[in-house]
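Geometric and topological summary
So you can see what is in the structure, the chains are spelled out below.
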Amino acid sequence: MKRILPAALAAAAMVSGVSAADATEGTPVTWGPCPADVAKPGLRCSTLDVPLDYRHPDGPKISVALSRLASAKPAQRRGVLLVNQGGPGLTGLGFPASLVEAGLPQPVRDAYDVIGFDPRGIGHSAPVTCDLTPKQTVESVNPPFPYRPADVTKAAEAAKTVAQQCLTSKTASALPFITTANTARDMDRIRVALGEPKLSYYGDSYGTYLGAVYTTLFPQRSDRIVLDSSLGPEGYDAEALRSQGLGFEIRFPDFAKLAAADPARYGLGATPAAVRAKYFELAERLDRVPAQGYDGTTFRTITAALLRADVALPALAKLWHQLDVGEPVAAAAGTDAGSDNFAAGYLAVVCGDSRWPQAVATYQRTVAVDRVRYPMYGPYAANIRPCAFWPSPVEPPVRITGRGPANVLMLQNLRDPATPMPGALRLRAAFGDRARLVTADQGGHVAYLNGSNQCGNDAVSDYLATGHRPAHDVFCRVTPGG
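Right, let's walk through the structure included here. Being a predicted model, the structure only gives us computed values, none of them experimental.

This paragraph deals with the sheet that holds strand β5 (residues 199-204). Pairing is mixed across the open sheet formed by nine strands, whose spatial order is β1-β2-β4-β3-β5-β6-β7-β8-β9. Pairing within the sheet leaves two strands with one partner each, and these edge strands are β1 (43-51) and β9 (474-476). On average, adjacent strands in this sheet sit at an angle of 20 degrees to one another, irrespective of strand direction. Examined bridge by bridge, strand β3 (residues 79-84) and strand β4 (residues 112-117) share four bridges and lie parallel to one another. Across the sheet, the residue bridging to L82 is I115, located in β4. Contacting β3, β4, β5, β6 (222-228) and β7 (408-415), helix α6 (residues 206-217) runs over the sheet at an angle of about 150 degrees to β5. Across the face of the sheet, helix α7 (residues 238-260) comes into contact with β7 and β8 (435-443) while running at roughly 60 degrees to β7.

Set out below in structure tokens:
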């Protein structure tokens, strides 16, 4: 079964969040039923209290929700595998079950208790809010596509309002501490509570940065670390978001080839160039006259989301055809957003991890530049966000380095639209000999259990189950049958 996806921190010397004594101390975890929204066969849940601010570990506490799929073969169990599906802002209690449903191999299941968790501020873990309206919830993450400098100025006004609401909401006091570094420290508290000397980890998308920060802050507590579809070593900053303009351009030819191969069915053009032209035609038409809940921004963001998985490309071509000829379409996801927790958690992390440019003129320039470099998606990705109006982070970013054991395996799709290859290469360089990079010759976001390149899947499964890691970086070519 393929996975279809939804949808940075103190210097290590400043504060690690765990002392030498902590390695053997902690409150044992008692497992019980999971909340109804994540209940799955075999999945058990619990909570763990952790410091809100690790600079003051005896101060106020928050509760982090955990889940566990226990190994069915205790004699073969070698430890715990903590997993995170990225975001930031996504929940994680159900992720162990999702991985199993996607085909997590039995040798990996046998070797670990698979541990999920809702990161601090998200889901069942002391959720934060910005008191956003449904429209603000959508536009705080997906601001309208900018054509002119005045559009950036208008977006800035809305972004500033969202930032002010976040910083005056009922959970405003927690926002400065909903960061990647603190979530990494929570991960080590989870390790301690589970009584494990070390922690193995699988994280994809933003979860790669979380894993990179964890294994930098706690190198000797890290066991087998797998990072799938990596952000750069800087984390999810303004440049990481801008890079999605490049990622879109790199990935789009895969879709254009599929759509052009069946012009009678999709009616989007008989060549990839014609399909690309149809993209601009539809986007600009919907900017002028929205239809069926789709404006140009929604069209672009839904297209970007569905480009993330090969199995979604036919549905994307069908959607384009329906919008083009006026056939009824399904409601656009997110247009009737309820809770603002995803948006609030996303903003807390990406704004609190690193400092974003503050001047509106800076974003006007980057939008103009990326309109030329990456016209399909670049202006959207370069537009201003609420982070421009966020307070300075409470601590500097963690610097990812090669200090620590050689225990990191990176897996990366060659044509990833969301975390494109240049970021993964920079992270690989930052890790030095700590890491090995396996590149899969395929498109889409998140490679493991989410594509047909068996070479990439096997590299991860073998490492987690046996500890075998390639001696050198590996390029996994397309082969017949995957």
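To continue, consider helix α16 (residues 454-466). For α16, built from 13 residues, the straight-helix expectation of 18 Å at 1.5 Å per residue is met to within 8% by its first-to-last C-alpha distance of 17 Å. Buried within α16 are the following residues: G456, N457, A459, V460, S461, Y463 and L464. Looking one or two residues past α16, G467 carries a phi angle of roughly 85 degrees, positive in sign.

Helix length check: helix α4 (residues 149-166) (18 residues) gives 26 Å between terminal C-alpha atoms against 26 Å at 1.5 Å per residue, within 8%. Buried within α4 we find D151, V152, A155, A156, A159, V162, A163 and C166. All buried residues of α4 project into a common sector of 140 degrees when viewed along the axis, lining one side. Turned more than 90 degrees away from the buried face of α4 sit A150, K154 and E157, all of them exposed. Looking at the packing, one finds that the buried side of α4 touches α3 (134-141), α12 (341-353) and α13 (360-373).

Structurally, D131 can be placed in the loop between β4 and α3. For the pair D131 and S169, spaced 38 residues apart in sequence, the C-alpha separation works out to 6.3 Å. Not counting residues within four places of it along the chain, the set of residues in contact with D131 comprises Q136, Q165, S169, K170 and D340.

Turning our attention to the nonpolar core. Ranked by internal contacts, the top residues of the largest apolar core, which has 76 residues, are L227, M410 and F431. Here this core takes eight residues from α12, the largest share from any one element. Listed in part, the 32 residues of the second largest apolar core include L43, L104, V114 and V460.

In terms of burial, β3 is a largely internal element, six of the six residues being buried. In the sheet, β3 pairs with β5 via four bridges, with the strands oriented parallel. Of the residues in β5, the one forming a bridge with L81 is S200.

Scanning the entire structure with this criterion turns up 17 aromatic pairs. A centroid spacing of 5.5 Å and a plane angle of 80 degrees characterise the contact between Y279 and F280, whose relative ring orientation is edge-to-face. Ring centres of Y279 and W320 lie 5.9 Å apart, and the angle between their planes is 35 degrees; on these two criteria the pair is classed as tilted. Here the residue Y279 occupies a position in helix α9 (residues 272-288), and W320 occupies one in helix α11 (residues 313-325), the gap between them amounting to 41 residues. Here the two residues Y279 and W320 agree in accessibility, since each one is buried. Note that R300 overlies the ring of F145, its terminal NZ or CZ placed 3.5 Å from the centroid. Taking the ring centre of Y380 as reference, the NZ or CZ of R385 above it sits at 4.9 Å.

Glancing now at the state of the cysteines. For the structure shown, the criterion picks out four disulfides. A sulfur-sulfur separation of 2.1 Å characterises the disulfide bridge that pairs C34 with C45. Because the torsion about its S-S bond is 90 degrees, the bridge between C34 and C45 counts as right-handed. Of the two residues, C34 is situated in the segment before β1 and C45 in strand β1; the sequence distance between them amounts to 11 residues. Each of the two residues, C34 as well as C45, counts as buried. Two residues, C130 and C166, share a disulfide whose sulfurs are 2.0 Å apart. Handedness here is read from the sign of the S-S torsion; for C130 and C166, about 100 degrees, the answer is right-handed. Of this pair, C130 sits in the loop between β4 and α3 while C166 sits in helix α4, and the two are 36 residues apart along the sequence. Counting only the cysteines that take part in disulfides, in the order they occur along the protein chain, gives the pairing 1-2, 3-4, 5-6, 7-8.

Moving on, we get to the side chain of S200. Residue placement: S200 occurs in strand β5. The exposure class assigned to S200 is buried, which follows from its relative accessible area of 1%. Polar contacts involving the side chain of S200 include one to the main-chain amide nitrogen of R224, which spans 3.2 Å. Contact partners of S200, with chain neighbours within four places excluded, come to R78, V80, L81, L82, Y112, D223 and R224.

Cut-offs applied
- Residues numbered from 1 in each chain as written.
- Predicted model: local features only at pLDDT ≥ 70, side-chain atom pairs only at ≥ 80, totals over all residues.
- Heavy atoms only, no water.
- Pairing = 2+ DSSP bridges.
- Helix = DSSP H or I, 4+ residues; strand = E, 2+ residues; numbered from the N terminus.
- Axes fitted to C-alpha atoms, helices over the stretch in contact; angles between N-to-C directions.
- Contact = heavy atoms within 4.5 Å.
- Expected span 1.5 Å × (residues − 1).
- Buried < 20%, exposed > 50% of the residue type's maximum accessible area, 1.4 Å probe, protein only.
- Arc of directions from axis to C-beta.
- Core = buried A, V, L, I, M, F, W, Y, C linked by side-chain atoms within 4.5 Å.
- Phe/Tyr/Trp six-rings, centres within 6.5 Å; stacked < 30°, edge-to-face > 60°.
- Lys NZ or Arg CZ within 6 Å of the ring centre and 35° of its normal.
- Disulfide = S-S within 2.5 Å.
- Polar contact = N/O pair within 3.5 Å; in protein donor to acceptor, adjacent residues only side chain to side chain.

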